[in-house]
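# Architecture at a glance
Chain by chain, the residues:
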Amino acid sequence: MIKPEILAPAGDFECLASAVKFGADAVFLAGKQFGMRTASKNFDTEELKKACNLAHANGVKVHLTCNTLPRNNELAALPEFLKASADAGVDAFIIADVGVMEMAKKYAPNVALHVSTQAGITNYATANTLYNLGASRVVLARELSLDEIAGIRAKIPNELEIECFVHGAMCVSFSGRCLISSYMTGRDANRGDCAQPCRWKYHLFEENREGQFFPVEETDQGTFLYNSRDLCMIEHIPELVKAGISSFKIEGRAKSGYYVSVITNAYRHAVNEFMKNPDSFVLPDWIREETEKISHREYNTGFYFGSEPGQVTGNGGYIRKYDVVAFCEEGGESAVITQRNKFYTGDTLDVLPPSGIPFNAKCLALINENGEEVESAPHAMERLTMKSDTEIPAGSVIRKKK
């Protein structure tokens with residue numbers, strides 16, 4: 001039984017630092033070109049060097065997404081991009097296109113090759129072919145069940161790693177290859193610019209009644225035809241490990257540092273607890289509860305256990321049960337914090353410390369930079385001293401239940 005890697009998203013430097021602090025074994029991120037998330041800040045060449053230095057100093061690997069499906073006129077920029085990324089220190093490229101894969105072998109021969117979920121790998125024959133082409137890892141299609149994954153694991157070389165998504169947003173299209181955005185907005189999802197039309201409300205029109213629409217209502221808010229649930233496999237760590245998955249991938253390069261902190265931490269602790277006692281493992285309640293403390297759509301288990309309702313039909317929005325109210329800069333019972341959302345003296349707060357095990361603390365007093373005691377923290381990014389009934393470690397995330 002091999003301990004799986006926790007692979008966390010890093011859309012910017014804050015997310016990278018969060019992933020490193022809360023236990024990621026590796027991060028996946030993008031440069032300014034050829035990545036599937038143009039909405040993220042991403043990393044230029046100098047930033048990528050700094051990211052690799054920080055990650056490697058903490059024993060964390062860096063996987064660079066090079067997973068768009070480039071057109072002819074984009075290929076000329078690819079060799080320099082690959083060479084610069086290799087020089088920056090990335091450990092692996094995540095690639096969806098076999099032509100790009102061949103170019104990576106030529107221009108960055110010392111960087112490992114991981115084949116993206118967008119390649120639609122659903123069987124051992126494809127996995128073995130990609131291994132023979134130089135891949136050291138395959139990111140399997142999200143459409144597969146655990147039994148199918150175990151079947152692939154049994155018929156591929158031990159050296160070929162399997163990576164699978166375990167948490168985050170799901171795309172309604174096959175292996176993330178979608179044309180809806182291109183058709184409706186001109187923004188190509190396969191080149192990182194998806195407008196997410198799968199989250200929009202839809203109505204029915206009749207061609208001879210111009211200007212009139214006929215709602216096909218599932219709720220009074222409208223009809224959400226394509227709006228998928230979010231994936232959450234936190235309660236199924238044993239099944240994922242036993243299926244032979246080498247890397248647990250957390251979706252979210254467009255998500256916040258807070259999201260990265262919480263979800264990376266949850267899966268880190270869940271895997272660690274399982275590996276201690278595989279035969280008697282019971283997921284601690286606090287770990288399960290952590291996945292409810294970030295913004296998310298309704299959860300399900302994707303395709304891992306076969307057919308399950310995959311759509312959120314009632315709305316297109318998120319469930320938000322907690323707000324991040326502050327980050328702790330200097331620890332102690334009189335902690336220096338930077339405020340993010342409003343909270344009050346007397347509030348009971350939920351603290352996520354660098355150790356990763358949350359606890360409650362009561363805010364006894366708030367003092368602003370002028371030394372004045374204030375009733376609340378109403379100004380975003382204001383520095384305050386917060387007195388509490390317990391010590392709050394530096395680096396903690398401070399939350400409040402809505």
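Okay, so let's go over this structure. As the structure is a computational prediction, the values presented were derived from the model and not from experiment. In this numbering scheme, every chain counts its residues from 1 along its sequence in written order. Local features in a predicted model are, by the rule used here, given only for residues with pLDDT of at least 70; side-chain atom pairs are given and counted only at 80 or more, and totals for whole chains, interfaces and linings are based on all residues. Each side-chain value is derived from all of the structure's non-hydrogen atoms; neither hydrogens nor water enter the calculation.

Here the focus is unusual backbone geometry. For Phe34, which is not glycine, the phi dihedral falls at a positive 65 degrees. Where helices and strands are cited, they refer to DSSP runs of H or I of at least four residues and of E of at least two residues respectively, numbered from the N terminus. Take Phe34: it is sitting in the loop between β2 (26-30) and α2 (45-57). At Asn42, a residue that is not glycine, the phi angle is positive and equals roughly 65 degrees. Along the polypeptide, Asn42 turns up in the loop between β2 and α2.

On to the packing of aromatic side chains, then. Pairing of aromatic rings covers Phe, Tyr and Trp, the last counted by its six-membered ring, and requires centre-to-centre distances within 6.5 Å; plane angles under 30 degrees mean stacked, over 60 mean edge-to-face, and any other angle means tilted. Applying the stated rule across the entire model yields 3 aromatic pairs. On the basis of an interplanar angle of 50 degrees and a centroid distance of 6.3 Å, the ring pair of Phe13 and Phe43 is categorised as tilted. Of the two residues, Phe13 is situated in helix α1 (residues 13-21) and Phe43 in the loop between β2 and α2; the sequence distance between them amounts to 30 residues. Relative accessibility thresholds used throughout: buried, under 20% of the residue-type maximum; exposed, over 50%; partly exposed, between the two (1.4 Å probe, protein chains only). In this structure Phe43 comes out as buried when scored by relative accessible area, which is 2%. Ring centres of Phe34 and Phe81 lie 5.2 Å apart, and the angle between their planes is 55 degrees; this geometry places the pair in the tilted category. Note that Phe34 is positioned in the loop between β2 and α2 and Phe81 in helix α3 (residues 78-88), a separation of 47 residues in sequence. The burial state of Phe34 is the same as that of Phe81; both residues are buried. Two thresholds decide whether a charge sits over a ring: the Lys NZ or Arg CZ must be within 6 Å of the ring centre and within 35 degrees of the ring normal. Cation over ring: Lys249 sits above Phe28, and NZ or CZ is 4.5 Å from the ring centre. The lysine or arginine in question, Lys255, covers the ring of Tyr259, its NZ or CZ lying 4.2 Å from the ring centre.

Now for the pattern of salt bridges. Salt bridges are defined as contacts in which a side-chain nitrogen from Lys or Arg sits within 4 Å of a carboxyl oxygen from Asp or Glu. Counted by the stated rule, this structure contains 22 salt bridges. Notably, a salt bridge pairs Arg383 with Glu329, separated by 2.2 Å at the nearest N-O pair. Of this pair, Arg383 sits in strand β18 (residues 383-392) while Glu329 sits in strand β13 (residues 322-330); the two residues are 54 residues apart in sequence, bridging distant segments of the chain. Looking at Arg383, the relative accessible area reads 32%, which means it is partly exposed. Taken together, the shared-partner salt bridges in this structure form one network comprising Glu5, Arg137, Glu161, Glu163 and Lys249.

This brings us to the pairing of strand β16 (residues 359-367). A pair of strands counts as paired when DSSP detects no fewer than two bridges linking them. Relative to β16, strand β15 (residues 348-352) is paired through 4 bridges, and the arrangement is antiparallel. If you follow Thr348 over to β16, its bridge partner there is Lys362. Linking β15 to β16, which pair antiparallel, is a turn of 6 residues; within it Gly356 sits at a positive phi near 90 degrees. Both β16 and β18 contribute to a ladder of 4 bridges, which runs antiparallel. Looking at β18, one finds that Ala365 is bridged to Lys387. As defined by bridge partners, β16 adjoins strand β17 (residues 373-374) across 2 bridges and the pair is classed as antiparallel. Within β17, the position partnered with Leu366 by the bridge is Val374. Adjacent in sequence and paired antiparallel, β16 and β17 are bridged by 5 residues, among which Gly371 carries a positive phi angle near 85 degrees.

Inspection of the secondary structure puts Lys249 in strand β11 (residues 247-250). Classification of Lys249 by relative accessible area gives buried; the value is 5%. Note on contacts: a residue pair qualifies if any of its non-hydrogen atoms lie within 4.5 Å across the two residues. Lys249 has contacts with Leu7, Phe28, Ile94, Val139, Glu163, Cys164, Phe165, Val166 and His167, leaving out every residue within four places of it along the chain. A polar contact is formed between the side chain of Lys249 and the side chain of Glu163, at a distance of 3.0 Å. As used in this structure description, the phrase polar contact means that two N or O atoms lie within 3.5 Å; if the pair is within protein, one of them must be able to donate a hydrogen and the other to accept it, and residues adjacent in sequence are counted only when both atoms belong to side chains.

These values are about where atoms sit, not about what they do.
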